[in-house]
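Below are the chains, spelled out letter by letter.
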Amino acid sequence: MDKANGPRIYPDDIKIIDSVETLRMVADPLRLRLLAVLRRAPATAKELAKELGAPLKGLYYHLALLEEHGLIRIHATRVVSGIIEKQYTVTAYRLSVDRTLLDPEPTEGAGLEVFLSFVLDHARAEILRSVAAGLIAPHAPTPDDEEGGLRLGRLWLRLIPEQREEMDRRVQAIHKEYAAQQAAPDDPAAQYYELLVGTYPVIAPPDSRQEPNP
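Keep in mind the model is a prediction, meaning the values are calculated, not measured. (Residues numbered from 1 in each chain as written. Predicted model: local features only at pLDDT ≥ 70, side-chain atom pairs only at ≥ 80, totals over all residues. Heavy atoms only, no water.)

**Quick word on the nonpolar core**
Soluble globular proteins: nonpolar side chains tend toward being buried together. Counting residues in hydrophobic clusters, the biggest one holds 31 residues, and the most contacted among them are V26 and L48. When contributions to this core are tallied by element, the ones reaching two or more residues are α1 (20-26), α2 (29-40), α3 (45-52), α4 (56-68), β4 (83-90) and α6 (110-132). When residues in this core are grouped by element, the largest group, 5 residues, is from α2. (Core = buried A, V, L, I, M, F, W, Y, C linked by side-chain atoms within 4.5 Å. Buried < 20%, exposed > 50% of the residue type's maximum accessible area, 1.4 Å probe, protein only. Helix = DSSP H or I, 4+ residues; strand = E, 2+ residues; numbered from the N terminus.)

Written as structure tokens, this is what we have:
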């Protein structure tokens, strides 16, 4: 991507989404892909359209919404054939959600429903895109048989609160460990991976006497 002239602006580490309106806006799959590309490097609308294979005219609408809600900002500008071209960047490398939005009482569950869509629909869209691109081989029999196997499943566990807390601590420790030793961006052997983690109480499975196979 071409480097435009302008001040160097560094994104914050994390941005808290504190309104259902913003959460609903960012849950769109294309906007999430725009943010993912802009996390890697600043880009113009034309560069983003080429990267995502999306129509340029429609992309301006999504960029305007992301800028309006403070999720992207102008990194630099330049004049091309007498027209001012904007280069965009993210305002934060990571997004988080204000947990008060997830309270079902004030909003009748709207915030929680949008949050679940934000997380789960995005994961679904990313998996389908990776399958289409040949990065994931969903037919792989076991995780050890093919590097591109789809390692995804559900597991029910009967735990006491102390065990659940310990499991969460260990999962977070693993996440921090590998986040601290990520491969360099220019390493040709490196591949982006997304980790979907969730622990939540559920009603007992239909036959709770048997352990389901994850």
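**Some thoughts on unusual backbone geometry**
The phi dihedral of S81 falls on the positive side, at around 55°, and the residue is not glycine. Checked against the element boundaries, S81 lands in the loop between β3 (72-80) and β4. Owing to a relative accessible area of 75%, S81 belongs among the exposed residues under this scheme.

**As for the packing of α3 against α4**
Between α3 and α4, the least distance of the axes is 10 Å, while the angle of their chain directions is 110°. As the angle between them shows, α3 and α4 are arranged roughly perpendicular. The two elements α3 and α4 meet at a crossing, and its hand is right-handed. Residue-level contacts link A45, K46, L48 and A49 of α3 to L56, L59, Y60 and L63 of α4. Here the contact of α3 with α4 is built from residues that sort into 7 nonpolar, no polar and 1 charged. (Axes fitted to C-alpha atoms, helices over the stretch in contact; angles between N-to-C directions. Parallel < 35°, antiparallel > 145°, perpendicular 65-115°, else oblique. Left-handed = near helix turned anticlockwise from the far one by under 90°. Contact = heavy atoms within 4.5 Å. Nonpolar A, V, L, I, M, F, W, Y, C, P; charged D, E, K, R; others polar.)

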